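# Topology and contacts: notes
Residue-level listing of the chains:
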Amino acid sequence: LPTGQEPLPVRPPSSFSAEQVTTDPGAAITPAKAKEILLAKVSGAGEQNLRMKVDFDDGRSYYEGEIIYNGMSYDYELDAQTGNIVEWSEEVLGF
């Protein structure tokens, strides 16, 4: 860092909203579109239930995270180029 500048605070991935997620410029699917695709799979869930981050693997970017809604946890990975959900799992939360 240049003299006199402080480092930016680092947030854990779970605190990012879909609008704050950045991806590579070649990604065809925006964070907002990814959110729309994912929330369509969980009836009744909203943006407040969604956690998302970007992961880069083998030269491709993916949106990954979870949706927690109505006693369930849905883990996902969505291809940022195609919009295809490449991983999806559901788990009942034991409260």
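Right above here is the structure, for reference.
Residues numbered from 1 in each chain as written. Predicted model: local features only at pLDDT ≥ 70, side-chain atom pairs only at ≥ 80, totals over all residues. Heavy atoms only, no water.

## Thoughts on the environment of Ser89
The topology assignment puts Ser89 in strand 4 (residues 85–92). When the C-alpha atoms of Ser89 and Tyr76 are compared, they prove to be 6.6 Å apart, with 13 residues separating the residues in sequence. Ignoring sequence-local partners within four residues, the contact set of Ser89 consists of Ser73, Tyr74 and Asp75. (Helix = DSSP H or I, 4+ residues; strand = E, 2+ residues; numbered from the N terminus. Contact = heavy atoms within 4.5 Å.)

## Re unusual backbone geometry
Positive phi, normally seen in glycine, also occurs at Asp58, with a value near 55 degrees. Residue placement: Asp58 occurs in the loop between strand 1 (50–57) and strand 2 (60–69). Assessed through its relative accessible area of 74%, Asp58 is described here as exposed. In this model, Asn70 sits at a positive phi of 55 degrees, which is unusual for a non-glycine residue. Inspection of the secondary structure puts Asn70 in the loop between strand 2 and strand 3 (72–79). A relative accessible area of 68% places Asn70 in the exposed class. (Buried < 20%, exposed > 50% of the residue type's maximum accessible area, 1.4 Å probe, protein only.)

## Quick word on the packing of aromatic side chains
The relation between two aromatic rings is expressed through the spacing of the ring centres and the mutual angle of the planes. Inspection of the entire model under this criterion finds one aromatic pair. Taking the ring centre of Trp88 as reference, the NZ or CZ of Lys41 above it sits at 4.8 Å. (Phe/Tyr/Trp six-rings, centres within 6.5 Å; stacked < 30°, edge-to-face > 60°. Lys NZ or Arg CZ within 6 Å of the ring centre and 35° of its normal.)

## Side note on the side chain of Asp79
Within the secondary structure, Asp79 is located in strand 3. Reaching out from Asp79, the side chain makes a polar contact with the backbone nitrogen of Gln81 at a distance of 2.7 Å. Other than its neighbours up to four places away in sequence, Asp79 contacts Ile29, Arg60, Ser61, Tyr62, Asn84 and Val86. (Polar contact = N/O pair within 3.5 Å; in protein donor to acceptor, adjacent residues only side chain to side chain.)

## Section: the sheet that holds strand 1
In spatial order, the strands read 1-2-3-4; together these four strands make up an open sheet with antiparallel pairing. Since the sheet does not close on itself, it has two edges, and those belong to strand 1 and strand 4, each with one partner. When strand polarity is set aside, the average angle formed by the axes of neighbouring strands in this sheet is 15 degrees. With eight bridges connecting them, strand 1 and strand 2 associate as antiparallel partners. Paired with Phe56 across the two strands is Ser61, which belongs to strand 2. With respect to the sheet, helix 1 (residues 31–39) is in contact with strand 1, strand 2, strand 3 and strand 4, its orientation differing from that of strand 1 by roughly 120 degrees. (Pairing = 2+ DSSP bridges. Axes fitted to C-alpha atoms, helices over the stretch in contact; angles between N-to-C directions.)

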